[in-house]
Amino acid sequence: MEKASNSPYSGDGIERQEALLLPDSSSTFPLNDTISSEEYTTDSSDMKPEASPDHVHKKGSSFNAFVNILCLAIGVGSLQLAYIVKQSGWIGTTFIVFAAGIAFLNAVITIKCMYLKPGGGRIVGYHNIGFEAFGNAGYYTITVFNIVNIIGSIGIYVILASNNISDMFAQANVHISPRTLMIASATVMCMPTLFAKTLAETMLVSLIGTLTSVIVTVVVIVMACLYPIRNGENPVGNYTGPISHSAAIPGGFAMALSSVTFAYLGTTIVPHIEGGMRHPEKFNRVFGSALSVIAAIYVVMAATGYWAYGDQTMSPITDNFPKTWPTTLAEICITIHVLFAGPLYLVQMSLEIESGLGILQKKPQAQRVWRMAVRIGSALVILAIAEAIPFFDDVIALVGALTNPVLIYLAPIACYVKLKGWRNCSRTSLVGLALLLAFGMAISGFGLVQTIFDIIKSFKGTK
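None of the values given here were measured: they were computed from a predicted structure. (Residues numbered from 1 in each chain as written. Predicted model: local features only at pLDDT ≥ 70, side-chain atom pairs only at ≥ 80, totals over all residues. Heavy atoms only, no water.)

A. Representation of the pattern of salt bridges within the structure. Following the criterion strictly, the structure yields two salt bridges and no others. In this structure, Arg122 and Glu274 form a salt bridge, with 2.7 Å as the shortest nitrogen-oxygen distance. One end of the pair, Arg122, is in the loop between helix H5 (92-114) and helix H6 (126-171); the other, Glu274, is in helix H10 (residues 270-275), with 152 residues separating them in the sequence. What makes Arg122 buried here is its relative accessible area of 6%. By relative accessible area, which is 1% here, Glu274 ends up buried. Across the pair Lys323 and Glu331 runs a salt bridge, and its minimum N-O distance is 3.9 Å. Lys323 gets classed as exposed once you look at its relative accessible area, which sits at 61%. On the basis of relative accessible area, Glu331 is assigned to the buried category, the value being 9%. (Salt bridge = Lys/Arg side-chain N within 4 Å of Asp/Glu carboxyl O. Helix = DSSP H or I, 4+ residues; strand = E, 2+ residues; numbered from the N terminus. Buried < 20%, exposed > 50% of the residue type's maximum accessible area, 1.4 Å probe, protein only.)

In structure tokens, the structure reads:
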């Protein structure tokens, strides 16, 4: 299993987010300009069909979108939640709910941006939001940041899957080279992307990824309840003394908030999920419902783990469990989840590249050839980078620390104000957006500092 550092960008290695679960876009957050159903009705005459994959690809149901969100958001990072509560005390469970609300607000802002296209219509893709707001500078900035972030995320998944498989084989006295396992993991992740044009066509992959997440959740809760540390009983490692719990540990608030804020789905994939829905006007309801389920699962996992192990909670929490078959099952499911969640991010990155290359303007046969070339090529590039860069997980943690604040907070808020026009935003909205941006930048700063410390430790450890 992975060994999570204190950095909020390690573990899943994936962009994340946020807080207070709100039911829809007309939440108490001061964005008074809610999106009406009319704004969701895109006038095809304003769109360029060849540049809009949403208009030519098969659409998915709301349930499909719901499952995609669950699969993408609930990952190996959930195994660190109890440790986050250990850092902050019981109050850390409220941080988990707060973070879900922030994720919802950022998604709402991103969706609003998509329907603020000058002249009407829907903006297709996260990078095109940057173009409509700030021209080529906005387009290329968001595109580069997003692709680099996704490459890091998938690279972490490849390494994590190969490490887990290697550990499980080693327990059976079977030894396979890490390079071989990395190639096999990247191949497995790449295969589904060759047959799915968009996220709307990845239902089976999402269902498998979500099912494994459910199994891991059940195993963690049951094992924590069956094997808690109480008065020296069921000791973990060499520890045999009593454990302690704290209501609040103020010194750990910043790090805990920084970590949990990125435990939810990032905004960069929101346009692809919404664009793949047959009824995009239901996105806020679907996204809010999915975040509510995720937050509930996170709170139960975190609270159960911290109750069982207190100040001796480890990360991942499976290190607290005895090495029995349920623990092995959880490790297998985490590996399967990684292998089936990775393709969803690979599809997202491929769509960004294919849009930039204008593949949809080509003939159907040429589209298939280009699509396969882009997706296989993307997997090979990620594999090569993961193999070539030393301390790849630490380097990607740093990349995430630098790119996530821009993609999750700065870009959507700046684009919204630019597209809407700051004069057309109420003073309350501007204040609310400024506070949200300040919060995002502050907690991201804490995460960046911790990530740098982790990298320094890694390099010192090799000398």
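Now, onward.
B. Quick look at helix H4 (residues 81-88). In terms of burial, H4 is largely enclosed, as six of its eight residues are buried. On its buried face, H4 sits against H5, helix H9 (253-261) and helix H11 (283-309). Just past H4, the residue Gly89 takes up positive phi, approximately 90°. (Contact = heavy atoms within 4.5 Å.)

C. A look at the state of the cysteines. Taken as a whole and assessed by the stated rule, the structure comprises zero disulfides. There is no disulfide at Cys113, and the cysteine sulfur nearest it, in Cys415, is 5.7 Å away. (Disulfide = S-S within 2.5 Å.)

D. Layout of the packing of aromatic side chains. Evaluated as defined, the whole model comprises seven aromatic pairs. Through pairs of rings, three or more aromatic residues link up here, namely Phe131, Tyr139 and Tyr140. (Phe/Tyr/Trp six-rings, centres within 6.5 Å; stacked < 30°, edge-to-face > 60°.)

E. Looking closely at unusual backbone geometry. Along the chain, Ser315 connects to Pro316 via a cis peptide bond; the corresponding omega equals 0°. With respect to the helices, strands and loops of the structure, Pro316 is situated in the loop between H11 and helix H12 (325-357). In this structure, Asn173 is a non-glycine residue whose phi angle is positive, near 60°. By relative accessible area, which is 65% here, Asn173 ends up exposed.

F. Representation of the packing of H6 against helix H13 (residues 364-388) within the structure. Close contact between H6 and H13 brings their axes to 9 Å; oriented N to C, the two are set at 70°. Looking at the two axes, H6 sits roughly perpendicular to H13. The chirality of how H6 crosses H13 is right-handed. Residues Ile151, Ile154, Gly155, Val158 and Ile159 of H6 form the contact with H13, whose own contacting residues are Ile382, Leu383, Ile385 and Ala386. Classifying every residue of the contact of H6 with H13 by side-chain character gives eight nonpolar, one polar and no charged. (Axes fitted to C-alpha atoms, helices over the stretch in contact; angles between N-to-C directions. Parallel < 35°, antiparallel > 145°, perpendicular 65-115°, else oblique. Left-handed = near helix turned anticlockwise from the far one by under 90°. Nonpolar A, V, L, I, M, F, W, Y, C, P; charged D, E, K, R; others polar.)

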